[in-house]
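# Descriptive structure summary
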Amino acid sequence: MSRHRYSLLVFDWDGTIIDSASTIAECIRLAAADLELEVPTKEQASHVIGLGLHDALRHAVPGLPAERIADFVARYRDHFRAREESVDLFDGMRELIESLHGERILGIATGKSRRGLDRSLEATGLKPFFRASRCADETHPKPHPAMLLELMDRLDVQAEGALMIGDTSHDLDMARAAGVDALAVTYGAHAEEGLRSCQPRACVASVRELDRWLTQYG
């Protein structure tokens, strides 16, 4: 029997493991400007991080015509790829993942595409540490519970043995829908007040606090 309450830790990627939330929001805004659409505020652009592509665009850029979605996505990706090399892991995250890998099962549930996540895993060198992952373009996107349910099924872990760790209400709502406990990090895309309203087990403000919470309570 594991000495830990949670044998499976499922991490969100953007804004939780890697410090990319502000870059994603900036690229959404730049793509909207490129197409001469109403540019969402930073808060509006940040709020949709973690959702599937079409849900994100519907909320952040409601004036985007369906026939221009491909153009918008192309412009967004151009902007993001131009900045991708400057995006890095949060301080202490690499060390935390490496230490957790020796004693837990680690997974990822992300709003990124499979191609985007694979590229980021390779670039950061974290790919070997995660047993399984689910992306928004291969199952139902957040806040639908499918990502977590599929990960638990693949890794043979029951809901009471899994913990979702994320920086948005979409992560926490997904966990609740899947019957899984959640832990919120407040250093990413969504403000602490909104995260607390989703009733996570706790909110942590840094990677150091995340490590401490997992050691004491997880």
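The coordinates are above.
The text that follows walks through the structure, step by step, so that each part is easy to find.

Quick notes on the rules
- Residues numbered from 1 in each chain as written.
- Predicted model: local features only at pLDDT ≥ 70, side-chain atom pairs only at ≥ 80, totals over all residues.
- Heavy atoms only, no water.
- Helix = DSSP H or I, 4+ residues; strand = E, 2+ residues; numbered from the N terminus.
- Rg over C-alpha atoms; globule rule 2.2 N^0.38 Å.
- Buried < 20%, exposed > 50% of the residue type's maximum accessible area, 1.4 Å probe, protein only.
- Lys, Arg positive; Asp, Glu negative; His and termini not counted.
- Charge placed at Lys NZ, Arg CZ, Asp CG, Glu CD.
- Axes fitted to C-alpha atoms, helices over the stretch in contact; angles between N-to-C directions.
- Parallel < 35°, antiparallel > 145°, perpendicular 65-115°, else oblique.
- Contact = heavy atoms within 4.5 Å.
- Nonpolar A, V, L, I, M, F, W, Y, C, P; charged D, E, K, R; others polar.
- Salt bridge = Lys/Arg side-chain N within 4 Å of Asp/Glu carboxyl O.
- Pairing = 2+ DSSP bridges.
- Polar contact = N/O pair within 3.5 Å; in protein donor to acceptor, adjacent residues only side chain to side chain.

Next up on the list: the overall build of the protein. Along its length, the protein carries ten helices and six strands. For 218 residues, the compact-globule formula gives about 17 Å, and the C-alpha radius of gyration of the protein, at 17 Å, lands near that figure. Taking all 218 residues of the protein together, 53% fall into the buried category. In the protein, 26 side chains carry a positive charge and 35 a negative one; their mean positions are 2 Å apart.

A separate point is the packing of helix H7 (residues 146–155) against helix H8 (residues 169–178). One way to put it is that H7 packs onto H8 with a least axis distance of 8 Å and a crossing angle of 55°. Relative to H8, H7 is oriented oblique. Two secondary-structure elements touch here, H7 through Met147, Leu148, Leu149 and Met152 and H8 through Met174, Ala175 and Ala178. The residue inventory of the contact of H7 with H8, partitioned by class, reads seven nonpolar, no polar and no charged.

Attention now goes to the pattern of salt bridges. According to the stated counting rule, one finds 16 salt bridges in the structure shown. Put simply, Arg5 and Asp181 hold a salt bridge, and the shortest N to O gap is 3.6 Å. Here Arg5 is found in the segment before strand E1 (8–11), whereas its partner Asp181 is found in strand E5 (residues 181–185), with 176 residues between them in sequence. Residue Arg5 is classed as partly exposed on the basis of its relative accessible area, which comes to 48%. Salt-bridge contacts for Asp34 lead to Arg75; the nearest nitrogen and oxygen are separated by 2.9 Å. Of this pair, Asp34 sits in helix H1 (residues 21–34) while Arg75 sits in helix H4 (residues 69–83), placing them 41 residues apart in sequence. Arg75 sits in the partly exposed class, given a relative accessible area of 29%. One network of salt bridges, in which partners are shared, links Asp12, Lys142 and Asp171.

Strand order in the open sheet formed by six strands is E3-E2-E1-E4-E5-E6, with parallel pairing between adjacent strands. The strands lining the two open edges of the sheet, one partner per strand, are strand E3 (132–135) and strand E6 (202–204). Across the sheet, the mean angle separating the axes of adjacent strands is 20° when strand polarity is ignored. Judged from the four bridges that link them, strand E4 (residues 162–166) and E5 form a sheet pairing that is parallel. Along E5, the bridge assignment pairs Gly166 with Ala184.

The subject of this paragraph is the side chain of Thr168. By the secondary structure assignment, Thr168 is in the loop between E4 and H8. Relative accessible area serves as the criterion here: at 1%, Thr168 is assigned to the buried category. A polar contact of 3.0 Å, which involves the side chain of Thr168, links it to the side chain of Asp171. Not counting chain neighbours up to four residues away, the residues in contact with Thr168 comprise Ile49, Ala189, His190 and Leu195.

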